[in-house]
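Descriptive analysis of the structure
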Amino acid sequence: MTKVDSKGRIVLPQEVRDRLGITPGTEVDIREKDGKAVVEPEDSPDEILDKMEQLIEEASSNQGETTPISEGADPVAHRHRDAVQHFRGGAPDLKERTE
């Protein structure tokens, strides 16, 4: 058992910190659920990146066939397409499009 101090702080027992992987500097999420305080460590940057990559893979596999932008399309659509391609490493220079 642990006590709350005058500033509202508690100390998590070492065995709990070890099981949860909570080390000094770990950010934790504290919320109330069903009348109880729940403490969860935030995901590490590597775990967040892994989840993002998984979401990207899932979204990519769900993509349908795309339709090319026609020459008569809105110039904003062309700039957006060129910017996306440029940052993916395969588009003409954006200056050429906007000049």
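What counts, and where the lines are drawn
- Residues numbered from 1 in each chain as written.
- Predicted model: local features only at pLDDT ≥ 70, side-chain atom pairs only at ≥ 80, totals over all residues.
- Heavy atoms only, no water.
- Pairing = 2+ DSSP bridges.
- Helix = DSSP H or I, 4+ residues; strand = E, 2+ residues; numbered from the N terminus.
- Salt bridge = Lys/Arg side-chain N within 4 Å of Asp/Glu carboxyl O.
- Buried < 20%, exposed > 50% of the residue type's maximum accessible area, 1.4 Å probe, protein only.
- Patch = residues over 30% accessible without salt bridge, like charges linked within 9 Å, V, L, I, M, F, W, Y side chains within 5 Å.
- Areas by Shrake-Rupley, 256 points an atom, 1.4 Å probe, with all protein chains shown as cover.
- Lys, Arg positive; Asp, Glu negative; His and termini not counted.
- Charge placed at Lys NZ, Arg CZ, Asp CG, Glu CD.

As annotated in an unreviewed UniProt entry, the protein chain carries the name AbrB/MazE/SpoVT family DNA-binding domain-containing protein and is attributed to Halorubrum ezzemoulense.

What follows deals with the pairing of strand β2 (residues 36-41). Bridge count for strand β1 (residues 28-33) against β2 is 6 bridges, and the pairing is antiparallel. Across the sheet, Glu32 pairs through a bridge with Ala37, a residue of β2.

Another aspect to go through is the pattern of salt bridges. One pass over the full model with this rule turns up 3 salt bridges. For Asp5, the salt bridge identified is with Arg9, shortest N-O distance 2.9 Å. For Asp5, a relative accessible area of 31% corresponds to the partly exposed category. In this structure, the salt-bridge partner of Arg31 is Asp29, at a minimum N-O distance of 3.4 Å. The partly exposed category is assigned to Arg31, whose relative accessible area is 33%. Since its relative accessible area comes to 29%, Asp29 is described here as partly exposed. Taken together, the shared-partner salt bridges in this structure form one network comprising Asp29, Arg31 and Glu40.

A word on a negative patch on the surface. Taken together, the side chains of Asp46, Glu47, Asp50, Glu53, Glu57 and Glu58 define an acidic patch exposed on the protein surface. Relative to the assigned elements, Glu47 resides in helix α2 (residues 45-61). Glu47 gets classed as partly exposed once you look at its relative accessible area, which sits at 40%.

This next bit is on a nonpolar patch on the surface. Taken together, the side chains of Ile48, Leu49 and Met52 define a hydrophobic patch exposed on the protein surface, amounting to about 270 Å² of accessible area. Relative to the helices and strands, Ile48 is located in helix α2. You can call Ile48 partly exposed: its relative accessible area is 40%.

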